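Next come the chains, spelled out residue by residue.
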Amino acid sequence: MIGTNIYISQEIQESLIKAAALQQISVEELASSILRETIAEKVSKITSSSEHQTKFAVNPLREMQPYAYLADPNEPVISPDDWEINQNFEVNDF
């Protein structure tokens, strides 16, 4: 059993009291039965709607292989021309 606090308006509280009096049960019993029925109904709607949902689209990349970069491990990352440009760059010290 789960105990919980639920906010309901004054109008709804009065309706619950009147309905419980008519059925000759406690307000707690009436509220619990209403919640049980409502929760069961909502959960059944959720499960039935999830069964009717469409499946995900097929992934178009599923059959593709990862790209293999076939570089020589001894190949420099920076080309020699770019390396020379970066070496000749003067640093300004302020």
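So, here's what we can say about the structure. What you see is a predicted model, and the numbers here were worked out from it, not measured in a lab. (Residues numbered from 1 in each chain as written. Predicted model: local features only at pLDDT ≥ 70, side-chain atom pairs only at ≥ 80, totals over all residues. Heavy atoms only, no water.)

### Regarding the overall build of the chain
At step 1: Along the backbone of the chain there are three helices and zero strands.
At step 2: Helices and strands appear in the chain in the N-to-C order α-α-α.
At step 3: Within the span of the chain, comprising 94 residues, buried residues form 4% of the whole.
At step 4: When the accessible surface of the chain is totalled, it reaches about 9,800 Å², and 58% of it is carbon and sulfur. (Helix = DSSP H or I, 4+ residues; strand = E, 2+ residues; numbered from the N terminus. Buried < 20%, exposed > 50% of the residue type's maximum accessible area, 1.4 Å probe, protein only. Areas by Shrake-Rupley, 256 points an atom, 1.4 Å probe, with all protein chains shown as cover.)

### Focus: unusual backbone geometry
Note on backbone geometry: most residues besides glycine have negative phi, and most peptide bonds are trans.
At step 1: Positive phi values are uncommon outside glycine, yet Q24 reaches one of about 60 degrees.
At step 2: Along the chain, Q24 falls in the loop between α1 (10–23) and α2 (27–51).

### Points about the environment of L30
At step 1: The residue L30 is located in helix α2 in this model.
At step 2: What makes L30 buried here is its relative accessible area of 5%.
At step 3: Spatially, the C-alpha atom of L30 lies 7.4 Å from that of L16, the residues being 14 residues apart in sequence.
At step 4: Those residues in contact with L30 that sit more than four places away from it in its chain are L16, A19, A20, Q23 and I25. (Contact = heavy atoms within 4.5 Å.)

These figures come from the coordinates and say nothing about function on their own.
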